[in-house]
Amino acid sequence: MELRTCAVTGHRPTRFKWKYNENNNGCKRLKKRMHAQFIVLYEKGVRRFLVGGALA
């Protein structure tokens, strides 16, 4: 069986308009879109999700 993987990386929080404010509507919208995409990928057989988060 082939194991499908999704790897995610992106901007550091300081590059977003909302910085570290997770209550900001833009942040909430981004999280909601990412969640929806993860569900689509899971339904397509992706079972491993890797997320990069290093700040340095």
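Quick note: structure is the one above.
The sections below set out a description of the structure shown in this document. (Residues numbered from 1 in each chain as written. Predicted model: local features only at pLDDT ≥ 70, side-chain atom pairs only at ≥ 80, totals over all residues. Heavy atoms only, no water.)

Things to note about the packing of aromatic side chains
This model, assessed by the stated rule, comprises two aromatic pairs. Ring centres of phenylalanine 16 and tryptophan 18 lie 4.7 Å apart, and the angle between their planes is 10°; this geometry places the pair in the stacked category. Of the residues examined, phenylalanine 16 reaches a relative accessible area of 23% and is grouped as partly exposed. Under the relative-accessibility criterion, tryptophan 18 is labelled buried at 17%. Relative to phenylalanine 49, the ring of phenylalanine 38 has its centre 5.4 Å away and its plane inclined at 70°; by these criteria the two rings are edge-to-face. One end of the pair, phenylalanine 38, is in helix H1 (residues 25-43); the other, phenylalanine 49, is in strand S2 (residues 46-51), and 11 residues separate them in sequence. What makes phenylalanine 49 partly exposed here is its relative accessible area of 31%. Above the face of the tyrosine 42 ring, arginine 47 is positioned so that its terminal group lies 3.7 Å from the ring centre. (Phe/Tyr/Trp six-rings, centres within 6.5 Å; stacked < 30°, edge-to-face > 60°. Buried < 20%, exposed > 50% of the residue type's maximum accessible area, 1.4 Å probe, protein only. Helix = DSSP H or I, 4+ residues; strand = E, 2+ residues; numbered from the N terminus. Lys NZ or Arg CZ within 6 Å of the ring centre and 35° of its normal.)

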